[in-house]
Amino acid sequence: MDTIFAQATASGRAGVSIIRLSGPQAFDITSNFCKVPPVGKPALRSVIDLDGGLIDRALLLCFGEGASFTGEKVVEFHVHGGLATVSKLLAELGKSNGCRMAKPGEFTRRALENGNLDLNQVEALSDLIDAETEMQRKQAMLVLGGQFSKKGKVWKENLLRGAALLEASIDFSDDEIPANLHLEVRRLIEATEISITSVLERSTIAFKIRDGFTVAIVGRPNVGKSTLLNSIAGRDVAITSHIAGTTRDVIEVRVDLDGLPVTFMDTAGLRDTNDDIESLGISMAYKKSKIADIKVFLVSDEKEKLLIAKKPSDIIVLNKADTRKSSGFSVSGKTGEGVSYLLNQIGKKLSQETMVDVAAIRERQFEGLTAANECLKKTKTFLDQDPLPYELASQELYFASTQLDFVFGKIDIESVLDEIFSSFCLGK
Amino acid sequence: MKHFDVIVVGGGHAGSEAIHAACRYGLNAALVTLDKSKIGSMSCNPAIGGLGKGHLVREIDALDGIMGKAADVSGIQFRLLNRSKGPAVQGPRTQSDRQLYLKAIQKLLAKEKLTTIEGEVSGLLSKGGCVDGVTLFDGTEVYSRTVILTAGTFMRGVIHIGDQRVSAGRMGENAAKHLSGQMESLGAGFGRLKTGTPPRLNGNTINWDVLEVQPADDDPVMLSFLSQSPSVRQVSCGITHTNQNTHDIIQENLSKSAMYSGHIVGVGPRYCPSIEDKVTRFPDKKSHQIFLEPEGLKTNHIYPNGISTSLPETLQHQYVRSIVGLERVEVLQPGYAIEYDFMNPIGLSGDLETDLLGGLFLAGQINGTTGYEEAAAQGLVAAIGVAKKIKGVPEVKFDRSSSYIGVMIDDLTSRGASEPYRMFTSRAEFRLKLRADNADQRLTEQGWLSGCVSENRYKAFSEKFENLTACKRVLSDMSVSPNEARLAGIELGLDGRRRNGHELLAIPGVSVENIAELEPLLANWPKQIKKQAACEALYVTYIDRQRRDIEALAKDLGVEIPKNFNYSLVSGLSSEMISKLSLARPTSLGAAKNIEGVTPAALTAILLALKSAELKKVI
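Residues numbered from 1 in each chain as written. Chains lettered and ligands numbered in written order. Predicted model: local features only at pLDDT ≥ 70, side-chain atom pairs only at ≥ 80, totals over all residues. Heavy atoms only, no water.

Caption draft 1: Up close: the overall build of chain A. Scanning chain A for helices and strands turns up 13 helices and eleven strands. Within chain A, the proportion of its 428 residues that are buried is 50%. Put simply, chain A shows about 20,300 Å² of open surface, and 53% of that area lies on carbon and sulfur atoms. (Helix = DSSP H or I, 4+ residues; strand = E, 2+ residues; numbered from the N terminus. Buried < 20%, exposed > 50% of the residue type's maximum accessible area, 1.4 Å probe, protein only. Areas by Shrake-Rupley, 256 points an atom, 1.4 Å probe, with all protein chains shown as cover.)

Caption draft 2: Geometry of the domain arrangement of chain A. Domain parsing of chain A yields domain 1 (3-113), domain 2 (121-202 + 360-408) and domain 3 (210-351). One C-alpha centre belongs to domain 1 of chain A, the other to domain 3 of chain A; they are set 46 Å apart. (Domains from an automatic or database assignment.)

Caption draft 3: Up close: the domain arrangement of chain B. All names here are of chain B. For chain B, the domain assignment lists domain 1 (3-190 + 340-450), domain 2 (200-339), domain 3 (455-553) and domain 4 (558-618). Put simply, the middle of domain 1 and the middle of domain 2, counted by C-alpha atoms, are 26 Å apart. Across the boundary between the two partners, domain 1 contributes 57 residues, which contact 51 residues of domain 2. A per-residue breakdown of the area domain 1 buries against domain 2 is headed by Ile 76, Phe 78 and His 160, which together make up 17% of the total. (Contact = heavy atoms within 4.5 Å. Buried area = accessible area lost by both parts, 1.4 Å probe.)

Caption draft 4: Region of interest: the pattern of salt bridges. Residues and elements named next belong to chain B. This model, assessed by the stated rule, comprises 45 salt bridges over all chains. Here Arg 442 ties to Glu 59 by a salt bridge, and the two come within 2.8 Å at their closest N and O atoms. Of this pair, Arg 442 sits in helix 11 (residues 439-450) while Glu 59 sits in helix 2 (residues 53-62); the two residues are 383 residues apart in sequence, bridging distant segments of the chain. Overall, Arg 442 belongs to the buried group, its relative accessible area being 12%. Its salt-bridge partner being Arg 98, residue Glu 295 comes within 2.6 Å of it at the nearest N-O pair. Within this pair, whereas Glu 295 is found in the loop between strand 16 (289-294) and strand 17 (301-305), its partner Arg 98 is found in helix 4 (residues 98-110), the two being separated by 197 residues in sequence. (Salt bridge = Lys/Arg side-chain N within 4 Å of Asp/Glu carboxyl O.)

Caption draft 5: Expanded view of the packing of aromatic side chains. A full pass over the atoms with the stated rule returns nine aromatic pairs over all chains. With a centroid separation of 6.3 Å and an interplanar angle of 40 degrees, the aromatic rings of Tyr 458 of chain B and Phe 461 of chain B are classed as tilted. Within this pair, Tyr 458 of chain B and its partner Phe 461 of chain B are both found in helix 12 (residues 455-477), separated by three residues, close to a single helical turn. With respect to burial, Tyr 458 of chain B and Phe 461 of chain B carry one shared label: buried. In textbook terms, an aromatic cluster arises when at least three aromatic residues are bridged by ring pairs, as seen for Phe 382, Tyr 398 and Phe 399 of chain A together with Tyr 542 of chain B. Lying over the aromatic face of Phe 225 of chain B, Arg 58 of chain B brings its terminal NZ or CZ to 5.0 Å of the ring centre. Here the basic side chain of Lys 85 of chain B rests over the ring of Tyr 390 of chain A, its NZ or CZ set 4.9 Å away from the ring centre. (Phe/Tyr/Trp six-rings, centres within 6.5 Å; stacked < 30°, edge-to-face > 60°. Lys NZ or Arg CZ within 6 Å of the ring centre and 35° of its normal.)

Caption draft 6: Quick peek at the confidence of the model for chain B. When pLDDT is averaged along chain B, the result is 90; 95% of the residues meet or exceed 70. Scoring of the predicted complex yields 0.75 for pTM and 0.82 for ipTM. (pLDDT = per-residue confidence, 0-100.)

Caption draft 7: Region of the structure containing the sheet that holds strand 11 (residues 164-167) of chain B. All names here are of chain B. With antiparallel pairing, the four strands of this open sheet are ordered in space as 11-10-19-12. Two strands bound the open sheet, and with one partner strand each, they are strand 11 and strand 12 (190-197). This sheet shows a mean twist of 25 degrees between the axes of neighbouring strands, independent of strand direction. Here four bridges tie strand 10 (residues 158-161) to strand 11, and the two strands are oriented antiparallel to one another. Bridge pairing links Ile 161 to Gln 164 in strand 11. (Pairing = 2+ DSSP bridges. Axes fitted to C-alpha atoms, helices over the stretch in contact; angles between N-to-C directions.)

Caption draft 8: Focus on the sheet that holds strand 16 of chain B. Residues and elements named next belong to chain B. A sheet is described by the order of its strands in space; here six strands give the open sequence 14-15-16-17-13-18, paired in antiparallel fashion. Of all the strands in the sheet, just strand 14 (212-214) and strand 18 (331-333) have a single pairing partner and so form its edges. Ignoring which end each strand starts from, the neighbouring axes of this sheet average 40 degrees apart. Alignment of strand 13 (residues 200-202) against strand 18, held across two bridges, turns out to be antiparallel.

Caption draft 9: Main features of the side chain of Lys 225 of chain A. Residue and element names in this part refer to chain A. With respect to the element layout, Lys 225 can be found in helix 8 (residues 225-233). Asp 266 provides the closest opposite charge to the buried, salt-bridge-free Lys 225, at an N-O distance of 5.6 Å. Here Arg 220 takes part through its backbone oxygen, which lies 2.8 Å from a polar atom of the side chain of Lys 225. Residue contacts for Lys 225: discarding those within four places in its chain leaves Ile 217, Val 218, Gly 219, Arg 220, Asp 266, Thr 267, Ala 268, Gly 269 and Leu 298. (Lys, Arg positive; Asp, Glu negative; His and termini not counted. Polar contact = N/O pair within 3.5 Å; in protein donor to acceptor, adjacent residues only side chain to side chain.)

Caption draft 10: Region of the structure containing the nonpolar core. In this structure, Ile 7, Val 134, Ile 148 and Met 183 of chain B are the most contacted members of the largest nonpolar core, which totals 94 residues. Among the elements that line this core, the one with the most residues is helix 9 (residues 372-391) of chain B, at twelve residues. Those residues within four positions of Val 134 of chain B in sequence are excluded, and the remaining contacts are Ile 7, Val 9, Val 121, Gly 123, Leu 124, Leu 125, Thr 140, Glu 141, Val 142 and Val 147 of chain B. If you look at the next biggest cluster of nonpolar residues, it comprises 39 residues, including Phe 148, Cys 375, Phe 382 and Tyr 390 of chain A. (Core = buried A, V, L, I, M, F, W, Y, C linked by side-chain atoms within 4.5 Å.)

Caption draft 11: Region of interest: the environment of Glu 327 of chain B. All names here are of chain B. Inspection of the secondary structure assignment puts Glu 327 in the loop between helix 8 (313-320) and strand 18. By relative accessible area, Glu 327 is classed as partly exposed at 43%. In this structure the C-alpha to C-alpha distance between Glu 327 and Ile 206, which are 121 residues apart in sequence, comes to 7.7 Å. In this structure the side chain of Glu 327 is engaged in a polar contact, spanning 2.9 Å, whose partner is the backbone nitrogen of Gly 325.

Structure, rendered in structure tokens:
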């Protein structure tokens, strides 16, 4: 068993960063750098590299076998959180024999393998770690509360029934089996596929809750997009001028909106131009606004023709509120008038979209469900063929079940047989 | 007294296959049976093969067993089941003439050097924890290094007809009464199973004119790879149905049925229910189909497939005569239920050796299976196990990814049997690869190396294999543009991609005939070979995907679990899981995975415990 190490705290500058070393040789390797403190007793040590240079004065914490998170011998180095310090220590550890950088999740995996945590605990733990906002916490609780498993149970029952019907058509074709069983299979598969799809779609949102939403500010040149962005950011991040076409690149600002992480993007004004660099900026603007969750169309006239298709979630807002007397929804980046109302609207729209419901919030679940859905689609294609390739449809359905097993636990052939025998009178 | 290498106890399908295989290995073998003239009897349905079962017969045949050959010689109605579905789920089957089948088996056995002893085995001899032979009821002792016990339904067999109970192994044949007790004293845990058989009818008294018929296939598919065509005349079956009147008679008299009166404790097979079960469990079904199958060419005996029963004889007459075409039928032998001892096969070795006594192998219904094919396959496995033990011959590897036999052995030894176990194609997760058509490609080479395959068969197989390889090379060498393919009637999108023959054959609806238009060289190969190549092309993408599954399985799940592994020391296992695993004693992590209710998390826990145990051993 290798001894593994990695930074346990977030990467980046920090007051203190923790590097965790876990495995049978954790203490031996540590002894190359400093005297190993007694188990359970924190101690300050000068950590010296292999050439005799001082890396840092660090707090060391040793855990004995069976008494650590992973269940193995663990040493934690609490070092000063400078990027250079951390990477120096990581590099030095990497030079030690039998020691390597941990793969993502490997500490937790070892905890699982050593029986310190079971799979559900691992997931619950991970949810807990991931939850930063109220939304994230709620979402995790749905999974923890078993809502996700309930859906899984229905899907598995559907596939079980589908498999039983197909297998009955194959293994008991000599018996009195109705000829149209595949129609019921098709209905079951389709219902499952739709249900999985909707969970997967919500997962996209779930990932967004974790990773952040994007809002693109779009409009014609010189309508005040950059001024608006600066106002939202509360500082000057974009150059503003009265010259049309000032913004060429996409400028991003990340803000916290009602607990949701949102990135605002200022884009180049949309117009025909002969300027090569500006047109690059404009095509970038089109690209970014396409993937944005919400577009804010900043317009100077309510009847203005929009240059990008508007989705229901998008917002149209009049510019330069400080210069107009109209009653319409307008903002001014310059005075800040209407900006908080705009942010409010965006926040509302996003929280509507993020109505917390069952979603696959874990990569493992997402991948498993996506793969299962692929198999279900293929099964459906086979079910529509004439003559029906039963064995291939059944094989795809089996692959789909295996994928669901991966997420929820095993469907057993005996349960398929149980279903067959409780549904049909078989046996000559 | 002579000391045999192996004594096979029982001359049914497991026993015949076991003794013949033992002889092929050149073992000094003896067969002990209650009645020599009954060797190779079909106790129930006069048919061999079917879905899953036909696959087993082909695998037995690929290892040069006798079941397929005997079935072909005696076959009177060959039908390929699932003909309209893909080749992976097609199962060859035949009705056999009961007498011809038995004769064929006895003739095949007569060619071998073996000793046949008539008598009831009343006990096992043992020496130092190992089997040392058997004692016969008359006190004779017969010595041997190994014993294969294939007792079928004879161990404490009891026949039930209504409220009548008779000790018997088959109708009119004595049960073996004494062995169970001794095995129990060795620590065997017996359970009771039940099976049933329908009344036999006099065909001369059936009104065939009003009945639907099911003829044999025009293009018969044989059970053995070595057979070319049927040996005897082909006949049709009649088809009739039960009706409301039949169901009423049964409903009203349920309490008189042995099964419903509480006389039977044994568990019956769900896929072979009695007519009482059918009527009770599916009250909404207004009629049930019955196949009237001739038991032979020269007999008037008809086997009405679908109405096994344990009602009293008079009621059997009554309900049978309520059926269309059977109004005046004469019942020649009543239907009955039979209860017998079986030993839960969980924990048997992969060779079907018990841990009660070294050298004691169990095969067939005693292991909780049902069906001739399942029994014969186990007889073969046990004989190979004996040859390994005595002569150290190379093993024939039976595993889930390469044979139905492997699926069955793994199911039996790691899951056990809670009802009579029957093979289905759905039990095989690698079904697309484990086809009846390629059983020889999967097993014959191994059988040859192990020593149970004759030179004759091996030659025939090698020739086929070379032909197939060459034919597949021609297909690989083809390079056809979509335009060219279209000229041969193959609809392809004009994607500009050139395809080889295998890729074209993988397209639904494309046949070898289509391909032959594009490649004149293909005319050189026999139809069978081309068909075989087409079968393989059809599934190639799936088999590739499954091969990756198999590799992953082997890698993750090939880890062996020692026999004495203590599950209660594994942290994170529920007590239910611990008792399940301790009972099943899976030999590998893969086998553990197949046990119902074993979760990935539990597997991880076991794997880890194993690894740390290993580590400690090393340190």
